[in-house]
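So you can see what is in the structure, the chains are spelled out below.
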Amino acid sequence: MSEAGPTPLVLVAGTAIGKVLRLDEPLSFWGGVETLQGRIIDQRHPQVGEIVAGRILVMPFGRGSSSGSSVICEAVRAGTAPAAILMAERDDIIALGAIAADEIYGLVMPVVVLAPDDHDALLDGAAVTIGIDGTVSVPDRDTGIV
Amino acid sequence: MAPRLEARDEARLAGAEGPAQQMATRVVTRLAAAMGAEELIDITGAHIDSCLYHGQAVLDFADRLADDGARVVVPTTLNVSSLDLLHPEHARGDPGEARASRRLMERFEEMGCRPTWTCAPYQLEVRPQFGEQIAWAESNAIVFANSVLGARTNRYGDFADICCAVTGRAPAAGLHLDEHRRATVVIRLDGVSAGLMERDVFYPVLGGLLGGLVGKAVPVISGLAPGVSEDRLKALGAASASTGSVGMFHMVGSTPEAPTLEAALAGHRPVEEVTVTAADLRGARDRLSTTTSDDLRTVSLGTPHYSVSEIGRLVELLGGRRVGDGVAFFVSTGRDVLHEVELRGWAGRLADAGVTMVTDTCTYFTPIIQDRTGTSMTDSAKWAYYAPGNLGLEVVFGSTEDCVESAILGRVVRDEGIWADV
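None of the values given here were measured: they were computed from a predicted structure.

*Asks:* Can you help me understand the pairing of strand β6 (residues 185-190) of chain B in this one?
*Replies:* Residues and elements named next belong to chain B. Strand direction decides the pairing type here: β6 and strand β7 (residues 219-222), joined by four bridges, are parallel. Following the sheet pairing, R188 is matched in β7 by S222. By the bridge criterion, six bridges tie β6 to strand β9 (residues 272-277) in an arrangement that is parallel. Of the residues in β9, the one forming a bridge with R188 is T275.

*Asks:* I keep staring at the state of the cysteines and nothing clicks. Help me out?
*Replies:* Here, the word disulfide means a covalent bond between the sulfur atoms of two cysteines. Evaluated as defined, the whole model comprises zero disulfides over all chains. No disulfide involves B:C362; its sulfur sits 5.9 Å from the nearest other cysteine sulfur, which is in B:C119.

*Asks:* What is the right way to read unusual backbone geometry from this model?
*Replies:* Glycine aside, residues mostly have negative phi, and peptide bonds are mostly found in the trans state. Cis geometry is adopted by the peptide bond preceding A:P8, which originates at A:T7 and carries an omega value of -5°. With respect to the element layout, A:P8 can be found in the segment before β1 (9-12). Across the junction of B:T303 and B:P304, the peptide omega takes the value 0°, indicating a cis bond. In the Ramachandran plot, B:E138 falls in the positive-phi region, its phi being about 85° despite a non-glycine side chain. At B:A266, a position not held by glycine, the phi torsion is positive, near 50°. Secondary-structure assignment places B:A266 in the loop between α10 (261-265) and β9.

*Asks:* Even after reading the chapter, I still don't get the sheet that holds strand β3 (residues 56-58) of chain A, so can you show me in this structure?
*Replies:* Where strands meet in a sheet, backbone hydrogen bonds hold them as pairs that are either parallel or antiparallel. All names here are of chain A. Pairing is mixed across the open sheet formed by seven strands, whose spatial order is β1-β5-β4-β3-β2-β6-β7. Each of the sheet's edge strands pairs with one partner strand only, and the pair in question is β1 and β7 (136-137). Relative to β7, strand β6 (residues 127-130) runs antiparallel, the two sharing two bridges. Note that in β7 the partner of I130 across the bridge is V136.

*Asks:* Please clarify how the environment of A:I72 should be interpreted in this entry.
*Replies:* Summarising the element assignment, A:I72 is placed in helix α1 (residues 68-78). For the pair A:I72 and A:G97, spaced 25 residues apart in the sequence, the C-alpha separation amounts to 5.1 Å.

Scoring rules and cut-offs
Residues numbered from 1 in each chain as written. Chains lettered and ligands numbered in written order. Predicted model: local features only at pLDDT ≥ 70, side-chain atom pairs only at ≥ 80, totals over all residues. Heavy atoms only, no water. Pairing = 2+ DSSP bridges. Helix = DSSP H or I, 4+ residues; strand = E, 2+ residues; numbered from the N terminus. Disulfide = S-S within 2.5 Å.

Shown next, in the form of structure tokens:
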């Protein structure tokens, strides 16, 4: 069930720049990502071993344990969190980790829900920027200018 | 879209009740906005998962609240932590991290939470009533509260749990509301033998399959004999909340909001109907194992924490026999359940059988297991799902009977016959 309301829907507002890491399957941060490097450790996830740190993480929605919020907050503190998380559905466990990091450390990791088409259009490895209003800009392929 | 707030929420946001209420109300309000809630509701209880140490961030958050004088305003229980306070000799972890874990636990006790240290608060003497609005964290507890107790909680995460407990407020969204509790997916069983459905092991496997099938939708399972036990519903829910994000399921004739299939669907047509076969279940069972090696070193039961009846069943299965010399056998449970087990005279029998009881924490994330070579065995789909990633070991999932017989023999054996087609 994708987001029915207006998109982009900003769950946690902020700006970010980075390369897209597109996940084929939803990921549970708890038990799925370690925070020293930001590496995916869920052995059943198709992208196990990938580093999420600094990437624009694109995934349909989160999955699994409610401890995921803590892992996200810890990763933001440690500097190993994604630069932003873009989803096709709301996910309050992910949003909450980012809200907590903002409250205690003043560090912002934007979390945005995109329309399904916009979500699907983000290709792995593409360099993108996230605006404060949740807009995603893909730089021109030839010039690199947004 | 910001939620509509009451005057008391606005006053707290302005700092009228001090900095702790201010921050907690701000977190609940921001969460409500992220969830699309139109307002906040009052809650009557909370279960906190933030007491499990995941690094500096959770401690910093608890320190901020506790230093500012936060107190919970509703009865609040605490989830497992990283330490077994009753059996400190089990600790194998880093001493610095153990100190931080202990500190974190103390901060939540200071805020007025009950030191229950269990992931199965629904096994405590007092538990939420049907229809009660609560804020629970811990995925298995959430799915149990909604599905089996008929209490109402969203899938709360760390930070939100304690902020709801401190404010007594929660976003009016998701599973707190009638319209999100009705089933949208119907699960039917086809060609699954009655014999398999009568076995405990069927339920975690069905749950594991369910999580992958429905994601975070609310399913209704049809076709099982009514009156499925709480232990089985617990195992099913915990599995579905591990392999998927299930926050609530219905089972016709067994869960309180599903006396009939029609009741669970609340008069709506299902969005999807899925038929589960014996082959699907075998596939789901196989996905819960990471190895075929029969070199058994460890058995871990009790994820979620074993109930009194599950421990009674284990005592019966052991039948006075002792586990093999090369096998470490752990059972995780709550301290309240352990107390009852001691009163019943089972603790000595378990110790004599070579069983180590673990309380306050769980073997699937705490460094209690020493030997991580060879094969670990479990009857828990949740343990099987998470332990390989958390602990770096190989797992074989089996029934409780399989686990006990394997432990006694010292190598993995499983009863394959029950999984055959009808």
